[in-house]
Amino acid sequence: MDHLAASDSPPVYHGPESSSDEIIEGTRPPTRTLSLVTQDDLRELTGTLPRLFALIKEVAGDDDVVTETVSYGLSLPGGAAIVHADGRLIGRWSNAERAASMLGAYLVWLGESEAN
């Protein structure tokens, strides 16, 4: 199955619970600051960088054609997550191109120059 729809159920958080304000070891982020990590460092560490994209459609208006953003997405090595322009989760796809095709939209890569 290519498309995985979102659940209407609230998220479930797993982890230690406390009835007081005490800090439970391992539940707070570390207080130390990481050294600056560049995109090149991240690419070397993970082998790739996530890519942002938008899916757009041309919709016939009263007098002309209007271009609207349908959704935004994040492309990762394991697939693409798509979020509706108003923030609702649409789903997960095998890749950005497949999502655009199945949703009848144009794919626009964001934050990249025309040369890429």
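Residues numbered from 1 in each chain as written. Predicted model: local features only at pLDDT ≥ 70, side-chain atom pairs only at ≥ 80, totals over all residues. Heavy atoms only, no water.

(A) Representation of a nonpolar patch on the surface in the model. Judged by side-chain polarity, Leu 52, Tyr 72, Leu 74, Leu 76, Val 108 and Leu 110 come together as a nonpolar surface patch covering roughly 480 Å² of accessible area. The biggest single contributor to the nonpolar patch is strand E2 (residues 65-76), with three residues. In this fold, Leu 76 is placed in strand E2. (Patch = residues over 30% accessible without salt bridge, like charges linked within 9 Å, V, L, I, M, F, W, Y side chains within 5 Å. Areas by Shrake-Rupley, 256 points an atom, 1.4 Å probe, with all protein chains shown as cover. Salt bridge = Lys/Arg side-chain N within 4 Å of Asp/Glu carboxyl O. Helix = DSSP H or I, 4+ residues; strand = E, 2+ residues; numbered from the N terminus.)

(B) The arrangement of the pairing of E2 in detail. Pairing between strand E1 (residues 51-60) and E2: ten bridges, direction antiparallel. Directly across from Ile 56, in E2, lies its bridge partner Thr 69. If you look at the hairpin formed by E1 and E2, you'll find four residues sitting between the two strands. Across six bridges, E2 lies against strand E3 (residues 79-84) in antiparallel orientation. Counted as the bridge partner of Ser 71 is His 84 from E3. Connecting E2 to the next strand, E3, in antiparallel fashion are two residues. (Pairing = 2+ DSSP bridges.)

Everything listed here is a matter of coordinates, which is why it stays silent on function.
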